Amino acid sequence: MNNFYLAQKKVYDAIVVGSGITGGWAAKELTERGLKTLMLERGRPVEHRTDYITEDMGDWEFKFRNRGDRRLFEAEYPKQSQCYAFGEATRHFFVNDKENPYTHDPDKPFTWIRGYHLGGRSLLWGRQCYRWSDLDFEANARDGFGVDWPIRYKDIAPWYDYVESFSGISGSVEGIPHLPDGKFLPPMEMNCAERHVKEHIEKAFPGRKLIIGRVAVLTVPHQGRERCHYCGPCHRGCSAGAYFSTLSSTLPAARATGKLTVRCNSIVHSIIYDEKKDRAAGVRVIDRETKETLEFYGKVIFLCASTLGSTQILLNSSTPRFPNGLANSSGVLGHYLMDHPYQAGATGEIHGYEDKYYSGNRPNGIYIPRFRNLDASSKNPNYLRGFGYQGGASREGWQRGIAMPGLGVEFKKQLRQPGQWVMWIGGWGEHLPRYENYVELDPVQKDQWGMPLLKIHCAWSDNENKMREDMAVSAAAMLEACGAKNINAFISENPPGLCIHEMGTARMGRDPKTSVLNAFNQCHDVPNVFVTDGAAMTSSACQNPSITYMALTARACDYAVKQMKRGKL
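Because the structure is predicted, anything quoted here is derived from the model rather than measured. (Residues numbered from 1 in each chain as written. Predicted model: local features only at pLDDT ≥ 70, side-chain atom pairs only at ≥ 80, totals over all residues. Heavy atoms only, no water.)

## Some details on the packing of helix α1 (residues 21–32) against helix α7 (residues 246–256)
At a minimum axis distance of 7 Å, the contact between α1 and α7 shows a crossing angle of 20 degrees. Of the possible angle classes, the one that applies to α1 and α7 is roughly parallel. As for the relative orientation of α1 and α7, their crossing is left-handed in sense. Where α1 approaches α7, its residues Ile-21, Gly-24, Trp-25, Ala-27, Lys-28, Thr-31 and Glu-32 are matched on the opposing element by Thr-246, Thr-250, Ala-253 and Ala-254. Here the contact of α1 with α7 is composed, by residue class, of five nonpolar, four polar and two charged. (Axes fitted to C-alpha atoms, helices over the stretch in contact; angles between N-to-C directions. Helix = DSSP H or I, 4+ residues; strand = E, 2+ residues; numbered from the N terminus. Parallel < 35°, antiparallel > 145°, perpendicular 65-115°, else oblique. Left-handed = near helix turned anticlockwise from the far one by under 90°. Contact = heavy atoms within 4.5 Å. Nonpolar A, V, L, I, M, F, W, Y, C, P; charged D, E, K, R; others polar.)

Right, here's the structure in full:
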């Protein structure tokens, strides 16, 4: 990477790397506080509405009837095609694995799901939003796995309020201590089978709750965006802006300030570090299309390039002072990678409601908050920490005919009627932070832009495996208590990464000797560099993490701007 030349002499107040959920929030918060900000996105530009090219297409309009080109998927999308949202209608929002390789241990597969375009994975996320509590922020200190978080719930609670009020989170107020309530829009409704399951679980298992999912989808008009009309294919893009994304929400707000510059096709190679000033001066960029090398300068840098993307940039920013990666005096950069173990639970038929149905495609499900290892009475001696369940009930459609015997007119008539009600519940569990789960730069292999490939070493431990066993057994027990028929407990193949909740590798902590970031997501070693995506996480809890990323980002931006005004950055 020699021969960088000065393409931009302008010094921005801030540079934001990445345009996904945290990049969008950083751009919004920094520009609204008066900072002239440059957002760098490694992928192509995408315009809200006009670039949702498959949003309204029927299956019959796709070349492969929306079933996809299996040969193409196997050859060029072997990792991405494992994602539930991938398909013929959404392939353009996922990277081509063949063109964007990474490596992992042969016996330790890791599925890295990515979307390189403006808005990133905020166009594809599952939108479930659950606050953490002190059960989560104190977990490391309590059992000794990982360093203690440098913050507690009271530190982040006002920022949860802040980001929820802007994003629009629908949900119900429940008063569950370890799953705090938020600033909710009206909740979505459960269907009759879900209400049946709720009633029986809460009766049979005192203390357990089944609630409607808390989701970043609007149930009423909000912040100039329209409410959801339950059409269904959210991952193709939403012209109504009914679900929260960078393109529908934070990017328009940032652009409205007149202080934002967006540059797509800009792969950040590394951070420029000024040894004399002990500060970052800017970033080196490779143009994705021309492969030109450029430099951009900024007073403060926010890395929001996704968990592994941000860490890859830091690892690739070695200097004489930081030979193993920028801001890595602790030696923990790249370590303590986590995801959520999932795809274990149970399904069962719910009878007695054959005369009832529902309308539309509700983009949400139910949630059963964690009930294991909350206290002595709920302790499971086989593993640490716990899991929550997500799920839902629906009636089987005509596709059930694939597995049914039959032929001809009578068979088709049978399939025109809705099938049985089926309830599924699956666990999302906590992954312990372990030093041996880590990423590094491949010493040999590089991508087509000259960047060292990321080499990933990650596996579940016995703790996560025993937790998944309990997910299946406990789910089946709850469905049995509901009177469900044909109960099927399952534990599917689930390599780390597939849950798309990768976290850690540049963790927060109080001690610079054991952590990369302080309590405000600021590098201990390089104070004008902030990391606010999943890389900052010190533990994983079991809740979906995005709303916590948003709150941490907004909080870090507020802190950074105040520090700049005081002349400390």
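## Overview of the pairing of strand β9 (residues 279–287)
Residues in a regular strand point their side chains to alternate faces of the sheet. The sheet contact formed by strand β8 (residues 266–274) and β9 spans eight bridges and is antiparallel. Note on β9: the bridge partner recorded for Ile-271 is Val-283. Hairpin connection from β8 to β9: four residues lie between these consecutive antiparallel strands, with Asp-278 at a positive phi of about 55 degrees. In terms of strand pairing, β9 meets strand β10 (residues 293–303) through five bridges, oriented antiparallel. (Pairing = 2+ DSSP bridges.)

## Quick notes on the layout of surface pockets
Volume-wise, the second largest pocket comes out at about 290 Å³. In terms of lining, the second largest pocket is formed by 16 residues, of which the most central are Val-95, Glu-99, Asn-100, Tyr-116 and Arg-288. Here the residues of the lining of the second largest pocket sort into five nonpolar, six polar and five charged. (1 Å grid on protein atoms, 1.4 Å probe; cavity = no way out; pocket = protein on both sides within 12 Å on 5 of 7 lines; lining within 4 Å. Points joined across faces, edges and corners; volume = space filled by probe spheres on them.)

## As for the packing of aromatic side chains
Enumeration according to the criterion identifies 26 aromatic pairs in this entry. Seen from their ring centres, Tyr-342 and Trp-428 are 5.1 Å apart, and the 50 degrees between their planes marks the pair as tilted. In this pair, Tyr-342 is assigned in the loop between α8 (307–315) and β11 (344–350) and Trp-428 in strand β14 (residues 421–429), connecting sequence segments 86 residues apart. Under the relative-accessibility criterion, Tyr-342 is labelled buried at 11%. The interplanar angle of 10 degrees and the centroid separation of 4.4 Å between the aromatic rings of Tyr-357 and Tyr-358 together place this pair among those described as stacked. The rings of Trp-25, Trp-125, Trp-159, Tyr-162, Phe-166 and Phe-244 are connected pair by pair, giving a single aromatic cluster. A cation sits over an aromatic face here: Arg-507 above Tyr-336, 3.9 Å from the ring centre. (Phe/Tyr/Trp six-rings, centres within 6.5 Å; stacked < 30°, edge-to-face > 60°. Buried < 20%, exposed > 50% of the residue type's maximum accessible area, 1.4 Å probe, protein only. Lys NZ or Arg CZ within 6 Å of the ring centre and 35° of its normal.)

## Some remarks on the side chain of Glu-464
Its location among the elements puts Glu-464 in helix α10 (residues 462–481). Among the polar contacts listed, one links the side chain of Glu-464 to the backbone nitrogen of Ser-461, at a separation of 2.6 Å. In this structure, Glu-464 is in contact with Pro-341, Glu-430, His-431 and Leu-432, ignoring residues within four places of it in sequence. (Polar contact = N/O pair within 3.5 Å; in protein donor to acceptor, adjacent residues only side chain to side chain.)

## A closer look at helix α11 (residues 546–565)
Residues three or four positions apart in an α-helix share a direction because the helix packs 3.6 residues into each turn. With 20 residues, α11 ought to run about 28 Å at 1.5 Å a step, and its terminal C-alpha atoms sit 29 Å apart, in line with that. Of all 20 residues in α11, 18 are buried; the element is thus mostly enclosed. Where α11 ends, the next residue or the one after it, Gly-567, has phi of about 75 degrees, a positive value. (Expected span 1.5 Å × (residues − 1).)

## Some details on the sheet that holds strand β3 (residues 103–104)
If you walk across this open sheet you meet the three strands as β3-β16-β15, and the pairing is mixed. Each of the sheet's edge strands pairs with one partner strand only, and the pair in question is β3 and β15 (438–446). Looking at chain direction, β3 and strand β16 (residues 452–457) are connected through two bridges and run parallel. Residue pairing in the sheet places His-104 in a bridge with Ile-456 of β16.

## Quick look at the pairing of strand β1 (residues 11–17)
Among the seven residues in β1, six count as buried, and that is most of the element. In terms of strand pairing, β1 meets strand β2 (residues 37–40) through four bridges, oriented parallel. For Ala-14, the partnering residue across the bridge sits in β2 and is Thr-37. Viewed along the sheet, the connection from β1 through α1 into β2 turns out right-handed. (Right-handed = clockwise from strand over helix to strand, strands pointing away.)

## So, the packing of helix α5 (residues 153–167) against α11
Running from N to C, α5 and α11 point in directions that differ by 105 degrees, and their axes come no closer than 8 Å. Taken together, α5 and α11 sit at an angle that is classed as roughly perpendicular. Seen from α5, the contacting residues are Asp-155, Ile-156, Trp-159, Tyr-160, Tyr-162, Val-163, Glu-164 and Ser-167; seen from α11, they are Ile-547, Thr-548, Met-550, Ala-551, Leu-552, Ala-554, Arg-555 and Asp-558. Taken together, the residues of the contact of α5 with α11 break down into ten nonpolar, two polar and four charged.

## Here's the deal with empty space enclosed by the protein
The final tally for this structure, using the stated rule, is three cavities of 30 Å³ or more. In this structure, the largest cavity encloses a volume near 120 Å³. What lines the largest cavity is a set of 15 residues, among which Arg-42, Pro-101, Arg-114, Gln-312 and Asp-447 lie closest to the centre. Residue contributions to the lining of the largest cavity peak at three residues, all from β16. Quantified by volume, the second largest cavity comes out at close to 40 Å³. Contributing to the lining of the second largest cavity are Leu-135, Asp-136, His-178, Leu-179, Tyr-367, Arg-370, Cys-542 and Gln-543.

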